[in-house]
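Here is how the chains run, residue by residue.
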Amino acid sequence: MQTITLNNSNITSTRLIYGCMRIAGDNSAQDRAKGKQAIHSALDAGYNHFDHADIYGDGECEQLFGELLNKSPSMRDNIIITSKAGIRVGDVPNIGDPKCYDFAQHYLTQQVERSLKRLNTDYLDLFLLHRPDYLFNAEDVAETLMQLKASGKVKQFGVSNFSPSQVNLLQSALAEPLLVNQIEINIHNIESFTDGTLDQCQQLGITPIAWCPLGGVAYPAWGNTFSTTDEQRISTELSRQANKYDCMPWQLILTWLLKHPANICPIIGSTTPERIVGAKQALTIDYSHEDWYRLLEARNGYAVP
């Protein structure tokens, strides 16, 4: 498994990150057992970075992972645990409260402490602000993050779904470097290629982590705008290239993302062991510059200008 060191830190992450959003399933005994098997499959395949959030499965995903850590505490020293907070669900803390984003110090601190309890760990290797609070004060948020670090509850920081200007704003107030920006990147959503996000990642050494990397291929993309003609055109080119590189189309898409010089780290969120293991093949493909652009052309429906 290939690895990458995050932004001059001592954190070395595998290029493929295991996403824990679905590990609790419907929270039945059967789905929870499947989730635990998925985690073991990821560990056996060499993944060392596990991505969580306070809202995944209403906390049950972290709880399930914590059960495994409680059973095998020695596992903790060999893995990276990321969790996120900042999305507040509706009717919390009061009935009638809207769903919102909240970077208030007491809220973020509370959510980190709850995540630590569920995960059965004393610290998070990485804590990410899940979605930007439109009302966030950079100085106040930076103070909160530094207090979390001083307490030993969080080692390093990152963001998720932040624009370049929002990253700049927060970084201007924060003495610690932001290590990652977790954003949607897939064949459907390529905004980060053109809006400055991936350029900024390269400039500042921030690692982009791609959520929903298989959107538009293995499953419908969020807010899908592809027509049937678009999907057929992409599928035809994907099949051609997959045959050329002796892989599956979904593996080829991961390779397409991995090719980018910003060192994109895709999140693999499947609970199927075969797909968790199979994703590693994307790391071994010697993918050409020309085929990268052929797939972009198929995606767009026209050649680059």
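Treat the numbers as computed from the prediction; the structure is a model and nothing was measured. (Residues numbered from 1 in each chain as written. Predicted model: local features only at pLDDT ≥ 70, side-chain atom pairs only at ≥ 80, totals over all residues. Heavy atoms only, no water.)

K.L.:
Break down the nonpolar core for me, with residues and values.
P.N.:
It is characteristic of soluble globular proteins that their nonpolar side chains tend to be buried jointly. In this structure, Tyr 18, Tyr 47, Phe 65, Phe 127, Leu 129 and Trp 256 are the most contacted members of the largest nonpolar core, which totals 80 residues. Core analysis: the second largest hydrophobic core is formed by 14 residues, Ile 17, Leu 128, Trp 211 and Cys 212 among them. (Core = buried A, V, L, I, M, F, W, Y, C linked by side-chain atoms within 4.5 Å. Buried < 20%, exposed > 50% of the residue type's maximum accessible area, 1.4 Å probe, protein only.)

K.L.:
Quick one: what's the story with the layout of surface pockets, residue by residue and with numbers?
P.N.:
Estimates place the volume of the largest pocket at around 630 Å³. Met 21, Arg 22, Trp 211, Cys 212 and Tyr 219 are the residues nearest the centre of the largest pocket, which is lined by 29 residues in total. When its residues are assigned to classes, the lining of the largest pocket shows 15 nonpolar, nine polar and five charged. (1 Å grid on protein atoms, 1.4 Å probe; cavity = no way out; pocket = protein on both sides within 12 Å on 5 of 7 lines; lining within 4 Å. Points joined across faces, edges and corners; volume = space filled by probe spheres on them. Nonpolar A, V, L, I, M, F, W, Y, C, P; charged D, E, K, R; others polar.)

K.L.:
I'd like a description of the side chain of Arg 299, backed by residues and values.
P.N.:
On the secondary structure map, Arg 299 appears in helix 11 (residues 289-300). In this structure Arg 299 is buried but unpaired, with Glu 191 as the nearest side chain of opposite charge at 7.8 Å. Within the structure, the side chain of Arg 299 is placed 2.8 Å from the backbone oxygen of Ile 187, a separation counted as a polar contact. Beyond its immediate sequence surroundings of up to four residues, Arg 299 is in contact with Ile 187, His 188, Ile 190, Phe 226, Arg 233 and Ile 234. (Helix = DSSP H or I, 4+ residues; strand = E, 2+ residues; numbered from the N terminus. Lys, Arg positive; Asp, Glu negative; His and termini not counted. Salt bridge = Lys/Arg side-chain N within 4 Å of Asp/Glu carboxyl O. Polar contact = N/O pair within 3.5 Å; in protein donor to acceptor, adjacent residues only side chain to side chain. Contact = heavy atoms within 4.5 Å.)

K.L.:
Mind laying out the packing of helix 1 (residues 29-44) against helix 2 (residues 60-71), listing which residues take part and the relevant values?
P.N.:
As a packed pair, helix 1 and helix 2 sit with axes 10 Å apart at the nearest point and diverge in direction by 60°. Overall, the two elements helix 1 and helix 2 adopt an arrangement that is oblique. Taken as a pair, helix 1 and helix 2 cross one another with a handedness that is right-handed. Contacts between helix 1 and helix 2 involve Arg 32, Gly 35, Lys 36, Ile 39 and His 40 on the former and, on the latter, Glu 60, Gln 63, Leu 64, Phe 65, Glu 67 and Leu 68. When grouped by side-chain class, the residues that make up the contact of helix 1 with helix 2 number four nonpolar, three polar and four charged. (Axes fitted to C-alpha atoms, helices over the stretch in contact; angles between N-to-C directions. Parallel < 35°, antiparallel > 145°, perpendicular 65-115°, else oblique. Left-handed = near helix turned anticlockwise from the far one by under 90°.)

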